[in-house]
Amino acid sequence: MKHRTLYVSLLLCCLVSMPAVAQETNTASTGFYRQEMKSLHAAIQTNFYDEDSGYYFVVVDPEQRETKEGHLREYAYIWALCAMYQAANEIEKLEPDANLMGPILKIMNDYYDPAPPEPGYSDYIMKLKPGERYYDDNQWIGIAALNAYERKNRKSDLELGRLMYDFMMTGYDEVLGGGIYWKEPSKESKNTCSNGPGALVALQLYRATKDKRYLEAALKLFTWTNEKLQTPSKLYYDNIRTKDGSIGKATFSYNTGTMLQSYVYLYECTGDQNYLDEANAVADSSLEFFYGRGRFRDGYWFNAVLLRAYQHLLQHNTDTKYIQGFKKCLDHALTNSKNDQGLFKGGGGVQNLVEHGGMLEILARFAWLESRYNLTGTGVSDSAVQRP
């Protein structure tokens, strides 16, 4: 079974089985989410990190670790490290002296594959039977690196972003009119998850360098995704199949998240009000669909990507309703889904490192938000906002 299919199946099983309770977490106290962030980070390091190998385990329970092509894959796929890398960036925003991104990047270097046409990161540790190279995995790394570059202006972060851009564009062609495939060398589908984050990498590089080729690439990916994969309600389908042009109609929060944040970046880069108007429309649609029932519809990491967009949109639309709607689901998870180890569980047991990395990012972002906004109510905030 392919590891992503396994992850999605497990997380959906976990989420639908969560019991409802009458009392929600009390988050009125100052610093609540920051403390939750610290607690979860400690629990991840205690339960997922293997000091002997220097790697993270993919899941806590050894019985749930996958065997692929005859090899036990007990350590984390690169996707989980993408989640941890972005979470580390958000924690470093709160605690500038924390050195968390560097150690994660050092681990990811063991996944680095220099093979042509361009170097990139494999989905598994190279010396332990490498696997496949996914375009989106590399894009998530690029996004986090470029977020760090905006904070620290460090050349190595910019160069990593450029490396990820060069790799992802090897997956672009004019089949179906454009777009990037999901992984190499497969030509089966082109996905929102490889084109939405691709647009973000290109937009971040444009902001950093003012090189117009990056803006042109971003617009090409963004426009294609809207034409091929946007739903009538302004959310986003998962993929389009190259064989017959049929649509995979699963609707995940992270796909809407990357496209929503692309709208915000495009507004900032061009000043075109239409992009901001559309961003607000997408945000409104996503709020009801993903958070209207008061609990997460899909995995924590998927939701973390949409939260990035909500937080970014706050710079231009100070109505905190999107954050408040998300908060209800977060508080429900904090109340109902933690075990005695401080980890998050579901119907299938303790969730994997991808989901814990996603929750860690969510908590770090809410720690940032709670220091600047009143999160106990609803409505428009006048608080000053800085770039997410």
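Definitions and limits used
Residues numbered from 1 in each chain as written. Predicted model: local features only at pLDDT ≥ 70, side-chain atom pairs only at ≥ 80, totals over all residues. Heavy atoms only, no water. Helix = DSSP H or I, 4+ residues; strand = E, 2+ residues; numbered from the N terminus. Buried < 20%, exposed > 50% of the residue type's maximum accessible area, 1.4 Å probe, protein only. Polar contact = N/O pair within 3.5 Å; in protein donor to acceptor, adjacent residues only side chain to side chain. Pairing = 2+ DSSP bridges. Contact = heavy atoms within 4.5 Å. Axes fitted to C-alpha atoms, helices over the stretch in contact; angles between N-to-C directions. pLDDT = per-residue confidence, 0-100. Phe/Tyr/Trp six-rings, centres within 6.5 Å; stacked < 30°, edge-to-face > 60°. Salt bridge = Lys/Arg side-chain N within 4 Å of Asp/Glu carboxyl O. Parallel < 35°, antiparallel > 145°, perpendicular 65-115°, else oblique. Left-handed = near helix turned anticlockwise from the far one by under 90°. Nonpolar A, V, L, I, M, F, W, Y, C, P; charged D, E, K, R; others polar. Core = buried A, V, L, I, M, F, W, Y, C linked by side-chain atoms within 4.5 Å. 1 Å grid on protein atoms, 1.4 Å probe; cavity = no way out; pocket = protein on both sides within 12 Å on 5 of 7 lines; lining within 4 Å. Points joined across faces, edges and corners; volume = space filled by probe spheres on them.

A. Examining the environment of Asp-211 more closely. Take Asp-211: it is sitting in the loop between helix H7 (192-209) and helix H8 (212-229). Looking at Asp-211, the relative accessible area reads 28%, which means it is partly exposed. Among the polar contacts made by the side chain of Asp-211, one reaches the main-chain amide nitrogen of Arg-213 at a distance of 3.1 Å.

B. Expanded view of the sheet that holds strand S10 (residues 239-241). A sheet is described by the order of its strands in space; here 3 strands give the open sequence S9-S10-S11, paired in antiparallel fashion. Pairing within the sheet leaves two strands with one partner each, and these edge strands are strand S9 (189-191) and strand S11 (247-248). The sheet contact formed by S9 and S10 spans 3 bridges and is antiparallel. Of the residues in S10, the one forming a bridge with Ser-189 is Arg-241. Where H8 meets the sheet, it contacts S9, S10 and S11, and its direction lies at approximately 75 degrees from that of S10.

C. Structural detail: the confidence of the model for the protein chain. Taken over all residues, the pLDDT of the protein chain has a mean of 90, while the share at 70 or more is 89%. The low-confidence segment residues 1-29, where pLDDT is below 50, has 65 contacts with residues more than four positions distant or belonging to other chains. Within the model, pLDDT remains below 50 along residues 378-388, and this stretch shows 34 contacts once partners closer than five positions in the same chain are excluded.

D. Quick look at the packing of aromatic side chains. Tallied over the entire structure, the rule returns 33 aromatic pairs. Ring plane angle 85 degrees and centroid distance 4.9 Å describe the contact between Trp-140 and Trp-301, whose orientation is recorded as edge-to-face. Remark: Trp-301 occurs in helix H11 (residues 300-313) and Trp-140 occurs in helix H5 (residues 135-152); sequence separation between them is 161 residues. The exposure class of Trp-140 is buried, given its relative accessible area of 3%. Three or more aromatic residues joined by ring pairs form one cluster here, namely Phe-32, Tyr-33, Phe-289, Phe-290, Tyr-291, Phe-296, Tyr-300, Tyr-310, Tyr-322, Phe-326, Phe-344 and Phe-366.

E. A look at the pattern of salt bridges. A full pass over the atoms with the stated rule returns 22 salt bridges. Ionic pairing is found between Lys-38 and Glu-95, a salt bridge with its closest N-O pair at 2.6 Å. Note that Lys-38 is positioned in helix H2 (residues 32-47) and Glu-95 in the loop between helix H3 (78-94) and helix H4 (101-108), a separation of 57 residues in sequence. The class of Lys-38 is partly exposed, set by a relative accessible area of 39%.

F. Spatial organisation of the packing of helix H6 (residues 155-168) against H8. The N-to-C vectors of H6 and H8 enclose an angle of 50 degrees; their axes lie 13 Å apart at closest approach. Looking at the two axes, H6 sits oblique to H8. For H6 against H8, the interelement crossing comes out left-handed. Listed contacts from H8 to Arg-162, Tyr-165 and Met-168 of H6 are Arg-213, Tyr-214, Ala-217 and Leu-221. Tallied by class, the residues present in the contact of H6 with H8 amount to 5 nonpolar, no polar and 2 charged.

G. Geometry of the nonpolar core. Ranked by internal contacts, the top residues of the largest apolar core, which has 121 residues, are Tyr-56, Tyr-310, Leu-330 and Phe-366. Setting aside residues up to four positions removed in sequence, Tyr-310 forms contacts with Leu-260, Ala-283, Ser-286, Leu-287, Tyr-291, Tyr-322, Ile-323 and Phe-326.

H. Local environment of the side chain of Asn-239. Within the secondary structure, Asn-239 sits in strand S10. Separated by 2.9 Å, the side chains of Asn-239 and Asp-238 make a polar contact. If we ignore the near neighbours within four places in the chain, the residues touching Asn-239 are Ser-189, Lys-190, Asn-191, Leu-229, Ser-246, Ile-247 and Gly-248.

I. Spatial organisation of empty space enclosed by the protein. With the rule as written, the count across this model stands at 3 cavities of 30 Å³ or more. Reported here for the largest cavity is a volume of approximately 90 Å³. Elements represented by at least two residues in the lining of the largest cavity include exactly H5, H7 and helix H9 (253-270). Here the lining of the largest cavity is built from residues that sort into 4 nonpolar, 4 polar and 2 charged.

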